[in-house]
Amino acid sequence: MPDSWTFSSMITRYSCNVKVSEAEAMLNAMLEAVCEPNIFVLTSVIQCYGKANRTDDVVKTLDWLLELDITPDDRFRGCVLNVMTQTPKEELGKLIDCIDKANPKLGIVVKLLLEEQNKEGTLRKEASELFDSISVDVKKAY
């Protein structure tokens, strides 16, 4: 039976390659083996769902993280903000609510920024360019 490190590594590998069903299967196997996911695993899964445009699954995973009483770290918050740059405008409200629950100060800032966004989507474009310029080490899932 694999240990939590092996499960984490496999989930991260599948998530980085946007292999959603494989990542989910490995996460389910991890849970069946009574290994609880940590922030690294959930960050990888959220990034995978974000790249696959599965906003509802991002929300479920964010809620799960909070239910597990895991404190989001800076990489996790960066991951969620990056997912927001890839999320259709009509679904952003779902993510903003989650961000607000996880970190109310960040939620306020995100709401204010989105309110100021002009109709051409300048903020989204600029944020996307900013995240694209961040070093590969920071963008990697754990």
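Up top is the structure these notes are about.
From a predicted model like this one, the values you see are computed outputs, not experimental measurements.

**Student:** Now, about the overall build of the protein chain: what can you tell me, with residues and values included?
**Tutor:** Helix and strand counts for the protein chain come out as 9 helices and 0 strands. When the helices and strands of the protein chain are read in sequence order from the N terminus, they spell out α-α-α-α-α-α-α-α-α. The buried share among the 142 residues of the protein chain stands at 36%. In the protein chain, the share of contacts with a sequence separation of at least 24, taken over all contacts with a separation of at least 6, comes to 63%. Of the roughly 8,300 Å² of accessible surface on the protein chain, 54% is carried by carbon and sulfur atoms.

**Student:** For the nonpolar core, give the residues involved together with the corresponding values.
**Tutor:** Ranked by size, the top nonpolar core spans 31 residues in total, and within it Ile-46 and Leu-62 carry the most contacts. Of all the elements in the fold, those that place two or more residues in this core are helix 1 (4-16), helix 2 (20-32), helix 3 (39-51), helix 4 (55-67), helix 5 (74-86), helix 6 (92-102) and helix 7 (104-116). Of the residues forming this core, the biggest block, 7 residues, is contributed by helix 3. Residues in contact with Ile-46, not counting those within four places in the same chain, are Val-58, Thr-61, Leu-62, Phe-76, Cys-79, Val-80 and Val-83.

**Student:** Can you tell me about the pattern of salt bridges, naming the residues and giving the values?
**Tutor:** Scanning all chains against the criterion turns up 7 salt bridges. Residues Lys-101 and Asp-63 are paired through a salt bridge, measuring 3.1 Å at the closest nitrogen-oxygen approach. Of this pair, Lys-101 sits in helix 6 while Asp-63 sits in helix 4, placing them 38 residues apart in sequence. Relative accessible area serves as the criterion here: at 23%, Asp-63 is assigned to the partly exposed category. Linked through salt bridges whose partners overlap, the residues forming this network are Glu-24, Arg-54, Asp-57 and Lys-60.

**Student:** If you had to explain the side chain of Gln-47 to someone new, which residues and values would you point to?
**Tutor:** With respect to the helices, strands and loops of the structure, Gln-47 is situated in helix 3. On the basis of relative accessibility, which here comes to 10%, the residue Gln-47 falls in the buried class. Contact partners of Gln-47, with chain neighbours within four places excluded, come to Cys-79, Asn-82, Val-83 and Gln-86.

**Student:** An account of the packing of helix 1 against helix 3 is requested, with residue identities and associated values reported.
**Tutor:** Packing of helix 1 against helix 3 leaves a shortest axis separation of 8 Å and a crossing angle of 20°. What the angle tells us is that helix 1 and helix 3 run roughly parallel. Between helix 1 and helix 3 lies a crossing whose hand is left-handed. Listed contacts from helix 3 to Ser-8, Ile-11, Thr-12, Ser-15 and Cys-16 of helix 1 are Val-41, Ser-44, Val-45, Cys-48 and Lys-51. Along the lines of polarity and charge, the residues of the contact of helix 1 with helix 3 split into 5 nonpolar, 4 polar and 1 charged.

**Student:** So, helix 3: which residues are in play, and what are the values?
**Tutor:** Between its first and last C-alpha, helix 3 extends 18 Å over 13 residues, near the 18 Å set by a 1.5 Å rise per residue. Helix 3 sits mainly inside the fold: 11 of its 13 residues count as buried. On the buried face of helix 3, the contacting elements are helix 1, helix 2, helix 4 and helix 5. Regarding helix 3, its N-cap is Asn-38, as a side-chain oxygen of that residue lies 3.0 Å from the backbone nitrogen of Phe-40 further along. Positive phi shows up at Asn-53, right after helix 3, with a value of about 60°.

Parameters at a glance
Residues numbered from 1 in each chain as written. Predicted model: local features only at pLDDT ≥ 70, side-chain atom pairs only at ≥ 80, totals over all residues. Heavy atoms only, no water. Helix = DSSP H or I, 4+ residues; strand = E, 2+ residues; numbered from the N terminus. Buried < 20%, exposed > 50% of the residue type's maximum accessible area, 1.4 Å probe, protein only. Contact = heavy atoms within 4.5 Å. Areas by Shrake-Rupley, 256 points an atom, 1.4 Å probe, with all protein chains shown as cover. Core = buried A, V, L, I, M, F, W, Y, C linked by side-chain atoms within 4.5 Å. Salt bridge = Lys/Arg side-chain N within 4 Å of Asp/Glu carboxyl O. Axes fitted to C-alpha atoms, helices over the stretch in contact; angles between N-to-C directions. Parallel < 35°, antiparallel > 145°, perpendicular 65-115°, else oblique. Left-handed = near helix turned anticlockwise from the far one by under 90°. Nonpolar A, V, L, I, M, F, W, Y, C, P; charged D, E, K, R; others polar. Expected span 1.5 Å × (residues − 1). Polar contact = N/O pair within 3.5 Å; in protein donor to acceptor, adjacent residues only side chain to side chain.

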